[in-house]
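# Survey of secondary and tertiary structure
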Amino acid sequence: MTLQTFHNVISFQVFVPEKSGWLRYRASWSNTEVWHCEFASQDGKEQRQKLITKDYAENIWERFKSKATCETRFMS
């Protein structure tokens with residue numbers, strides 16, 4: 001069984017109903033302190049990307065991890 005802590009999170013995504021799209025977060029393979037954040041609207045008209053700190057990504061995951069609109073992938 002995988003421990004469901006942020007330390008074991010590979011990526012997660014949160015649905016944003018106001019924007020009709022997903023915010024996807026994934027850890028950087030080259031720098032453990034950096035996460036990639038990508039937004040894609042369902043209609044494909046809007047896409048954005050930016051880099052965020054690991055601490056900021058963890059804060060977001062902690063707020064949304066128990067919501068139905070959050071999907072998380074853990075490393076085993």
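### A word on the sheet that holds strand β4 (residues 47–53)
With antiparallel pairing, five strands are arranged side by side in an open sheet as β4-β3-β2-β1-β5. Every interior strand has two partners, whereas the edge strands, β4 and β5 (70–74), have only one. Along the sheet, successive strands turn relative to each other by an average axial angle of 15°, direction set aside. Here strand β1 (residues 9–16) runs beside β5; their pairing, made up of five bridges, is antiparallel. Note that in β5 the partner of Q13 across the bridge is E71.

### Considerations on helix α1 (residues 54–64)
Every buried residue belonging to α1 is among A57, I60 and W61, and all of these are buried. Taken end-on, α1 shows its buried residues confined to a sector of 100°, consistent with a single buried face. Considering only its buried residues, α1 is in contact with β1, β2 (21–27), β3 (34–41), β4 and β5.

### Focus on the packing of aromatic side chains
Under the defined criterion, the tally for this structure stands at six aromatic pairs. When the centroid spacing of 5.8 Å and the interplanar angle of 50° are considered together, the rings of F6 and W61 count as tilted. Within this pair, whereas F6 is found in the segment before β1, its partner W61 is found in helix α1, the two being separated by 55 residues in sequence. The exposure class assigned to F6 is buried, which follows from its relative accessible area of 7%. Among the aromatic residues, ring-to-ring pairing joins F6, F12, Y25, W35, W61 and F74 into one connected group.

### Considering the nonpolar core
Ranked by size, the top nonpolar core spans twelve residues in total: F6, V9, F12, V14, Y25, W35, C37, I52, A57, I60, W61 and C70. Listing elements by their share of this core, those giving two or more residues are β1, β3 and α1. Beyond its immediate chain neighbours, meaning those up to four positions away, C37 contacts L23, R24, Y25, R48, Q49, K50 and I52.

### Some thoughts on the state of the cysteines
Under the definition given, this model contains zero disulfides. Note on C37: no disulfide assigned, nearest cysteine sulfur contributed by C70 at a separation of 13 Å. Residue C70 is classed as buried on the basis of its relative accessible area, which comes to 11%.

### Some words on the environment of Q13
With respect to the element layout, Q13 can be found in strand β1. Judged by its relative accessible area of 16%, Q13 falls in the buried class. A C-alpha to C-alpha distance of 5.4 Å links Q13 and L23, two positions ten residues apart in sequence. Setting aside its immediate chain neighbours within four residues, Q13 contacts W22, L23, R24, T69, C70 and E71. A distance of 2.9 Å separates the side chain of Q13 from the side chain of R24, its partner in a polar contact. A polar contact is formed between the side chain of Q13 and the side chain of E71, at a distance of 2.6 Å.

What counts as what
Every chain begins its residue count from 1, and numbering advances along the sequence as written. A pLDDT threshold of at least 70 governs which residues receive local features in this predicted model, and a stricter bar of 80 or more applies before side-chain atom pairs are shown or counted, although totals over entire chains, interfaces and linings include all residues. Note that the side-chain values use all heavy atoms of the structure and ignore hydrogens as well as water. Pairing between two strands requires that DSSP report at least two bridges joining them. Runs of E in the DSSP output that reach at least two residues are strands. Runs of H or I that reach at least four are helices, and both are numbered from the N terminus. Between N-to-C directions, angles cover 0 to 180 degrees, with each direction set by a line fitted to C-alpha atoms, over the stretch in contact for helices. Whether a residue is buried, partly exposed or exposed follows from its accessible area with a 1.4 Å probe, protein chains only, as a fraction of its type maximum: under 20%, in between, or over 50%, in that order. Regarding the arc, it is the one traced by the directions from the helix axis to the C-beta atoms. By definition, residues are in contact when any of their heavy atoms lie within 4.5 Å. Each Phe, Tyr or Trp ring, with Trp reduced to its six-membered ring, pairs with another whose centre is within 6.5 Å; inter-plane angles below 30 degrees give stacked pairs, above 60 give edge-to-face pairs, and intermediate values give tilted ones. The definition of a nonpolar core used throughout is a set of buried Ala, Val, Leu, Ile, Met, Phe, Trp, Tyr and Cys residues joined through side-chain atoms within 4.5 Å. Two cysteine sulfurs form a disulfide in these notes if their separation is within 2.5 Å. For the purposes of these results, a polar contact is taken to be a pair of N or O atoms within 3.5 Å, where, inside protein, one atom must be able to donate a hydrogen and its partner to accept one; residues adjacent in sequence count only when each atom of the pair is a side-chain atom.

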